[in-house]
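A closer look at the structure
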Amino acid sequence: MSDKIPEGNRSARERLARQREQEKGREKRRRTLIVASAVVGVLALAAVVGLIAANVSKDGGEDTASGPAIAPSGASGEDALTLPVGAADAPSTLTIWEDFRCPVCAQFENALRDTVSELVNDGQVRVEYHLATIIDGNLGGSGSLRAANAAACAQDAGKFAPYHDVLFSNQPPEPDDAYGKNSRLIELAGKVQGLDTPEFRSCVEDGDHDSWVKKSDTAFRKGGFQGTPTVLLNGESVFPSKDGEQISPAALKKWVLAANKGKKPGTAAPSDPDAPAPSSAASSSAPPEGSATADGAATPSPQGDGPADPAAPSSAAGS
């Protein structure tokens, strides 16, 4: 039998092969077009989102609340923007800038809360809290502002520290503006003994400290900080790390005790009008004039995520 393929069959097979190649080419071009269109769509969406975030962030730091900035009771520091916790004469100062909607702030607080409380109770450190509202600017909503105002109202009642802890322990997901509802903030006040009073409710509902919160947020943005949380020990950034060592409960203790070596622990409560002035030892450990202080006078190193697994902080320029 001859092994030659008849001319008619050869032509038919060649035509079929050409058709298959043409179909493959058309399918490849079609998939390429679909992928290209999807990429263009994603880039366009990213550009729009970026523009919105940039515009919101630009407006987010403005002090637009009506009325004077009424500082909460016991606030201290420049422009009374500091909420102090711990002995006024403690030898070291831990300065913390936070946003109650910031998930990285919650990670920091939930991981380091017991350690910070121990250091405060032992008179080793005084904590100076500052409040920011960058998540409202980046994602929209008012939860950062409303929660910060409620925390300031808790400060009026002498309950800032426990209410601060409750807010971070019950923080909603970042895109969820649950803290934008005063009813939720008042509900959480029920977890702090003696806080849910008519005075507290009125302060929250009326936004008594809104202008003060906005003034604090403006100070944060003008301070050149990279994001929240910003954590400074005697003016030196310790979050997410210090001298190449990542922050942890043990590391924070070590850094504070090293800074306090040879110094007496503090004994005077910050609200005590008869509290003695800080000792010379305490003064020597304070940040020098012009350094990154609690009032945000300089730029610390970029901040990170929680103590166990650093990540980018909530940014003042965009989340």
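First, a word on scope: everything that follows refers to the structure included in this document. Note on numbering: residues in each chain are counted from 1, in written sequence order. In view of the model being predicted, local features appear only for residues whose pLDDT reaches at least 70, and side-chain atom pairs are presented and counted only at 80 or more, with totals across whole chains, interfaces and linings using the full set of residues. Water and hydrogen atoms play no part in the side-chain values, which are based on all heavy atoms of the structure.

Side note on the packing of aromatic side chains
Centres within 6.5 Å make a pair out of two Phe, Tyr or Trp rings, where for Trp the six-membered ring is used; the pair is then stacked when the planes are under 30 degrees apart, edge-to-face when over 60, and tilted otherwise. Tallying each qualifying case throughout the model produces seven aromatic pairs. For the ring pair W97 and F220, a centre distance of 5.5 Å and an interplane angle of 45 degrees mean the geometry is tilted. Residue W97 is found in strand 2 (residues 92-98), and its partner F220 is found in helix 8 (residues 210-222); the two are separated by 123 residues along the sequence. Under the relative-accessibility criterion, W97 is labelled buried at 0%. Elements are defined by DSSP. Helices are runs of H or I of four residues or more, strands are runs of E of two residues or more, and each kind is numbered from the N terminus. Burial classification: accessible surface area is computed with a 1.4 Å probe over protein chains only, and a residue below 20% of its type maximum counts as buried, one above 50% as exposed, and the rest as partly exposed.

Notes on the nonpolar core
The criterion is simple. A nonpolar core is a set of buried Ala, Val, Leu, Ile, Met, Phe, Trp, Tyr and Cys residues joined through side-chain atoms within 4.5 Å. Counting residues in each nonpolar core, the largest one holds 61 residues, and the members touching the most others are L94, F100, V127, Y163, L167, F200 and L252. In this description, contact between two residues means that some pair of their heavy atoms is separated by no more than 4.5 Å. Discounting chain neighbours no more than four positions away, the residues touching V127 are L83, P84, V85, L94, I96, V116 and V120.

Some points on helix 8
A helix's residues, less one, multiplied by 1.5 Å, set its expected span. With 13 residues, helix 8 extends 18 Å from end C-alpha to end C-alpha; this agrees with the ideal 18 Å at 1.5 Å per step. With ten of 13 residues buried, helix 8 lies mostly within the body of the structure. By the burial criterion, the buried members of helix 8 are D210, S211, W212, V213, K214, S216, D217, T218, A219 and F220. Just downstream of helix 8, G224 is the residue with a positive phi angle, here 80 degrees.

Regarding the environment of P240
Tracing the sequence through the fold places P240 in the loop between strand 6 (236-237) and strand 7 (241-242). The class for P240 is buried, based on a relative accessible area of 16%.

Considerations on the pairing of strand 5 (residues 230-233)
In summary, the side chains of a regular strand alternate between the two faces of the sheet. Because side chains alternate across strand 5, one face comprises the buried residues T230 and L232, and the other comprises V231 and L233, equally buried. Taken together, the four bridges between strand 2 and strand 5 define a ladder with antiparallel strand orientation. Within the sheet, the bridge partner assigned to W97 lies in strand 5 and is T230. Pairing of strand 5 with strand 6, which is carried by two bridges, proceeds in the antiparallel orientation. Bridging across to strand 6, L233 finds its partner in E236. For two strands to be treated as a pair, DSSP must find at least two bridges joining them.

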